[in-house]
Amino acid sequence: MKSVPGRVLVGIVVTAALAATAACGAKDSDSDTGGSAAGSKKPAAQATPAAKEGLKPLTEAQLTKAAITKEDLKGYRVGNTPDDEIPEVSVPAKPATCQALADMFLLGTEPDATARVSRSVTSLKATDGTVLRVGLLAQKEADAKKVVADLRTQSENCNSYEHTDYHYTEVKPVKAPALGDEAVAYSMTSDIEGTKIPVTYTVVRSGSTLAVFYAMSVLSEKAPDVPADVMEAQVTKVEKTV
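Starting afresh in each chain, residues are numbered from 1 along the sequence in its written order. Confidence filtering applies because this is a predicted model: local features only for residues at pLDDT of at least 70, side-chain atom pairs given and counted only at 80 or more, and all residues used for totals across whole chains, interfaces and linings. As a rule here, side-chain values cover all heavy atoms of the structure and leave hydrogens and water aside.

Student: Looking at this structure, I do not really get the pairing of strand E7 (residues 182-192). What am I missing?
Tutor: Along a regular strand, successive side chains alternate from one face of the sheet to the other. Partly exposed residues are those whose accessible area sits between 20% and 50% of the maximum for their type, while under 20% is buried and over 50% is exposed, using a 1.4 Å probe and protein chains only. Here a helix means four or more residues in a row that DSSP labels H or I, a strand means two or more in a row labelled E, and each is numbered from the N terminus. Here E7 lies mainly inside the structure; ten of its eleven residues are buried. Bridging between strand E6 (residues 166-173) and E7 involves five bridges; their strand directions are antiparallel. Counted as the bridge partner of Pro173 is Tyr186 from E7. Count of turn residues in the E7/strand E8 (residues 195-206) antiparallel hairpin: two residues, of which Glu193 carries a positive phi of about 55°. Whether two strands pair depends on DSSP finding at least two bridges between them.

Student: When you look at unusual backbone geometry in this model, what are you seeing that I'm missing?
Tutor: Where the residue is not glycine, phi is negative for most of them; where a peptide bond is considered, it is trans in most cases. Note that the residue after Lys94, namely Pro95, is joined by a cis bond; omega there is 0°. Of note, Pro95 is situated in the loop between strand E2 (93-94) and helix H3 (99-104). In this structure, the amide linkage connecting Glu110 to the following residue, Pro111, adopts the cis form with an omega of 5°. Note on placement: Pro111 falls in the loop between H3 and strand E3 (115-123). One non-glycine residue, Asp165, adopts positive backbone phi at about 70°.

Student: Is there a simple way to explain the pattern of salt bridges in this structure?
Tutor: Opposite charge on two side chains makes pairing possible when the charged atoms of those side chains draw close. Salt bridge, as applied in this entry: a Lys or Arg side-chain nitrogen positioned within 4 Å of an Asp or Glu carboxyl oxygen. Inspection of every chain in the model, using the stated rule, returns six salt bridges. Linking Asp72 and Lys237 is a salt bridge whose minimum nitrogen-to-oxygen distance equals 2.8 Å. Placement of the pair is Asp72 in the loop between helix H2 (60-66) and strand E1 (76-80) and Lys237 in helix H5 (residues 228-241), with a sequence separation of 165 residues. The salt bridge partner of Arg152 is Glu182, with a shortest N-O separation of 3.4 Å.

Student: Sorry, what's going on with the sheet that holds E3 here?
Tutor: Within a sheet, neighbouring strands are paired by backbone hydrogen bonds and run either parallel or antiparallel to one another. Read from one edge of the open sheet, nine strands run E1-E3-E4-E9-E8-E7-E6-E5-E2, paired in antiparallel fashion. With one partner strand each, in any of the chains shown, E1 and E2 form the two edges of the open sheet. Taken together, the eleven bridges between E7 and E8 define a ladder with antiparallel strand orientation. Within the sheet, the bridge partner assigned to Ser190 lies in E8 and is Ile197. We call two residues in contact when some of their heavy atoms are within 4.5 Å. An axis is simply a line fitted to the C-alpha atoms; with a helix, the fit covers only the stretch in contact. Between two such axes, the angle follows the N-to-C directions and lies from 0 to 180 degrees. Strand contacts of helix H4 (residues 141-157): E6, E7, E8 and strand E9 (209-217), with the helix running at about 55° to E7, the strand carrying the most contacts. Set on the sheet, H5 makes contact with E1, E3, strand E4 (130-138), E8 and E9; between it and E9 the angle comes to about 165°.

Student: Can you help me understand the pairing of E3 in this one?
Tutor: Of all nine residues in E3, nine are buried, a share of seventy percent or more. Judged by which residues are buried, E3 turns out to be covered on both faces: Ala115, Val117, Arg119, Val121 and Ser123 on one side and Arg116, Ser118, Ser120 and Thr122 on the other are all buried. Relative to E3, E1 runs antiparallel, the two sharing five bridges. From the neighbouring strand, Gly79 faces E3, where its bridge partner is Ser120. Bridging between E3 and E4 involves seven bridges; their strand directions are antiparallel.

Student: Help me understand the nonpolar core in this model?
Tutor: In a soluble, globular protein the nonpolar side chains are often hidden away together inside. We define a nonpolar core as any set of buried Ala, Val, Leu, Ile, Met, Phe, Trp, Tyr and Cys residues linked to one another through side-chain atoms lying within 4.5 Å. The biggest cluster of nonpolar side chains holds 31 residues, and the ones touching the most others in it are Met104, Leu151, Tyr161, Met188, Tyr201 and Val203. The set of elements that each furnish at least two residues to this core consists of H3, H4, E6, E7, E8 and E9. When near neighbours in sequence (up to four residues on either side) are disregarded, Tyr161 contacts Ala93, Lys94, Pro95, Cys98, Leu101, Ala102, Tyr166, His167, Tyr168, Val171 and Met188. Core analysis: the second largest hydrophobic core is formed by 28 residues, Ala66, Ala138, Ala185 and Val204 among them.

Shown next, in the form of structure tokens:
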């Protein structure tokens, strides 16, 4: 039986193939769908019992309302992510100092989010096999700051790790967008069942909400960029909801 990352990979490969086919057929029509360096050097946030919690988490209903739809993105198809691709159980990473990166692969965090929603985003124009996912995570503000700080530290210091018997290498910070209250971005190469897939993550914090963007490519050896228009549309919608 395939593990969750393995099942996610199969879904990504199929989606990428469909995306490339759809893009080829959509070149003549668009009518189908109506910064800063990686993690700016801000002091690391520490969420301790004595720290002020700040803004409260959004509810699941608020997150759902804040999630982008095809009406928000011209030229993209937007769909729901299957529940089994965002499990609630955290699996230990080796080494443990890379745990935040491993958890984020499946939209996990420590502390846990109080609510999560996820969307798949497919370009109707691009034919490079890039698959996009967008996730929204509701946190207490102090916890959201800690998650960003942990990802920033680990992306700078964790070169590779193992998670659920799969290997992730070439971890490195990349340029993050000037969006939200703060943002962190990094890339890596996933080696899942012999298939190497470059992936880029960008996490933007707006108050107590984390917007997570990741782009995977099954047709290129280079880590893909997360489209700026997708990030801007999602962050803007979150900030209107808060």
